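Overview (structure and organization)
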Amino acid sequence: METLSTNKAFGGVQGVYSHVSAETKTGMTFAVFVPDHQDGAMLPVLWYLSGLTCTHANVMDKGEYRQLASELGLIIICPDTSPRGDDIPNDDGYDMGQGAGFYVDATERPWSSNFRMRSYIEQELPSLIAQAFPADMQRQGIFGHSMGGHGALTIALRNTERFKSVSAFAPIVSPLQCQWGHKALGGYLGADQTAWRTYDACALIEDGAHISDILVDQGTADQFLEEQLKPNLLVEACERAAIPLTLNMREGYDHSYFTISTFMDDHLRWHAERL
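The present account deals with the structure reproduced in this document. What you see is a predicted model; the values in this text were computed from it and never measured.

Inspection of helix α5 (residues 179-189) places Trp-180, Gly-181, Ala-184, Leu-185, Tyr-188 and Leu-189 among the buried residues, and these make up the whole buried set. Here the buried residues of α5 occupy an arc of 100° about the axis, which is enough to place them on one side. Residues of α5 that are buried make contact with α7 (225-229). Gly-190 sits one or two positions beyond α5 and adopts a positive phi of about 95°.

With that settled, the discussion passes to the packing of aromatic side chains. All chains considered together, the criterion is met by 11 aromatic pairs. Aromatic side chains Tyr-94 and Trp-180 sit 6.5 Å apart centroid to centroid with 90° between the ring planes, which places their arrangement in the edge-to-face category. Of this pair, Tyr-94 sits in the loop between β5 (75-79) and α3 (117-132) while Trp-180 sits in helix α5, and the two are 86 residues apart along the sequence. The class of Tyr-94 is partly exposed, set by a relative accessible area of 43%. Centre to centre, the rings of Trp-180 and Phe-224 are 4.7 Å apart; their planes meet at 50°, and the pair counts as tilted. With Trp-180 in helix α5 and Phe-224 in the loop between β8 (214-219) and α7, this pair connects stretches of sequence that are 44 residues apart.

This part covers the side chain of Ser-82. When you line up the elements, Ser-82 lands in the loop between β5 and α3. In this structure Ser-82 comes out as buried when scored by relative accessible area, which is 0%. Looking at Ser-82, its side chain comes within polar contact range of the main-chain nitrogen of Gly-99, at 2.7 Å. Not counting the four nearest positions on each side in its chain, Ser-82 is found in contact with Met-28, Gly-97, Gln-98, Gly-99, Ala-100, Gly-101, Phe-115 and Met-117.

One recurring pattern in soluble globular proteins is that nonpolar side chains are buried together. Core analysis: the biggest nonpolar cluster contains 67 residues, and Phe-30, Val-32, Phe-102, Ile-129, Ile-142 and Tyr-188 have the highest contact counts within it. Residues in contact with Ile-142, not counting those within four places in the same chain, are Leu-46, Trp-47, Leu-49, Ala-152, Ile-155, Ala-156, Phe-163, Ser-165, Val-166, Ser-167 and His-271. Counting 24 residues, the second-largest nonpolar core is a separate cluster that includes Ala-9, Ala-31, Met-60 and Phe-169.

What follows concerns the pattern of salt bridges. Should the charged atoms of two oppositely charged side chains come close, the side chains can pair. Counted according to the given criterion, the structure contains 15 salt bridges. Of the charged contacts, one joins Glu-23 and Arg-116 as a salt bridge, the two residues approaching to 2.7 Å between their closest N and O atoms. Of this pair, Glu-23 sits in the loop between β2 (12-20) and β3 (27-34) while Arg-116 sits in the loop between β5 and α3, placing them 93 residues apart in sequence. Judged by its relative accessible area of 25%, Arg-116 falls in the partly exposed class. Salt-bridge contacts for Glu-122 lead to Arg-118; the nearest nitrogen and oxygen are separated by 3.4 Å. Residue Glu-122 and its partner Arg-118 are both found in helix α3; the two are separated by 4 residues, about one turn of the helix. Overlapping salt bridges, with partners in common, bring together Arg-197, Glu-206, Asp-207 and Arg-240 in one network.

What follows covers the state of the cysteines. Here the structure, examined in full by the defined rule, presents 0 disulfides. Here Cys-54 stays unpaired: no disulfide links it, and the sulfur of Cys-78, its closest cysteine neighbor, is 11 Å away.

One can find Cys-178 in the loop between β7 (163-169) and α5. For the pair Cys-178 and Lys-230, spaced 52 residues apart in sequence, the C-alpha to C-alpha distance is 8.4 Å. If we ignore the near neighbours within four places in the chain, the residues touching Cys-178 are Ile-172, Glu-227 and Gln-228.

Right, let's talk about empty space enclosed by the protein for a bit. Applying the stated criterion across every chain, the model contains 1 cavity of 30 Å³ or more. Quantified by volume, the largest cavity comes out at close to 40 Å³. The wall of the largest cavity is formed by His-145, Phe-169, Ala-170, Asp-217, Gln-218, Gly-219, Asp-254, His-255, Ser-256, Thr-259 and Ile-260. Within the residue set of the lining of the largest cavity, elements represented by two or more residues are β8 and α9 (257-274).

For Val-104, the position within the fold is in the loop between β5 and α3. Judged by its relative accessible area of 1%, Val-104 falls in the buried class.

What follows deals with the layout of surface pockets. Estimates place the volume of the largest pocket at around 190 Å³. Along the wall of the largest pocket there are 13 residues; nearest its centre are Leu-52, Thr-53, His-145, Phe-224 and His-255.

The rules behind each value
- Residues numbered from 1 in each chain as written.
- Predicted model: local features only at pLDDT ≥ 70, side-chain atom pairs only at ≥ 80, totals over all residues.
- Heavy atoms only, no water.
- Buried < 20%, exposed > 50% of the residue type's maximum accessible area, 1.4 Å probe, protein only.
- Helix = DSSP H or I, 4+ residues; strand = E, 2+ residues; numbered from the N terminus.
- Arc of directions from axis to C-beta.
- Contact = heavy atoms within 4.5 Å.
- Phe/Tyr/Trp six-rings, centres within 6.5 Å; stacked < 30°, edge-to-face > 60°.
- Polar contact = N/O pair within 3.5 Å; in protein donor to acceptor, adjacent residues only side chain to side chain.
- Core = buried A, V, L, I, M, F, W, Y, C linked by side-chain atoms within 4.5 Å.
- Salt bridge = Lys/Arg side-chain N within 4 Å of Asp/Glu carboxyl O.
- Disulfide = S-S within 2.5 Å.
- 1 Å grid on protein atoms, 1.4 Å probe; cavity = no way out; pocket = protein on both sides within 12 Å on 5 of 7 lines; lining within 4 Å.
- Points joined across faces, edges and corners; volume = space filled by probe spheres on them.

The values are spatial; any link to function lies outside them.
As structure tokens, this is what we get:
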């Protein structure tokens, strides 16, 4: 692991790091904020997964999480959204390829050799975090935005024994039922939609996955609300499965980091209570 930068913030350290990933076969960059803590202390871990076109830097620069994370004693981990590089497959659109890994392990060529973001987030990066930081891996939560909200929900639902808390900002709740999902999952996984279900929060819940509770914040002025995000589908799935869902429809808020930064503290407190 190489340290790219460190900056002191609210008594803690905001770092940016890189390493060569065995899963993606590329260099991967990620950010970690570690609050000030006593020597030997192990801190709970909160993963933040970003959305389409984003890197580790978007929430690091715009998310405004460090002050409260420092007060609550939360390590915040911000991975990238895909493998990157001149020799890595890409797509002409913003919604597939580099910057749009959808947190899946691709099975279709040319994506399958590098686009293994599920295994990277679920297995490889946690192992590195556990070795390099004062992280209590028995206390992990996960949240994210848009494509990253999709990633957070599906990863938590597939790993209920690992994650004690999950939340999302404007998540893609059902890739099976939106254009973004059909393009990305069709390209990465092929035409057989039964293979998509493990990457669809609503389908995972319908297939028996259960988690203690979920928090979602969604802006009513979000330009993707009706065609891509469809939070009503998550409401229906959670009601059928008796999973408590707190869905806050935020009047006038959009899909941007202005919204995320406004409600970031609510999510940090939600996770801190459960971690």
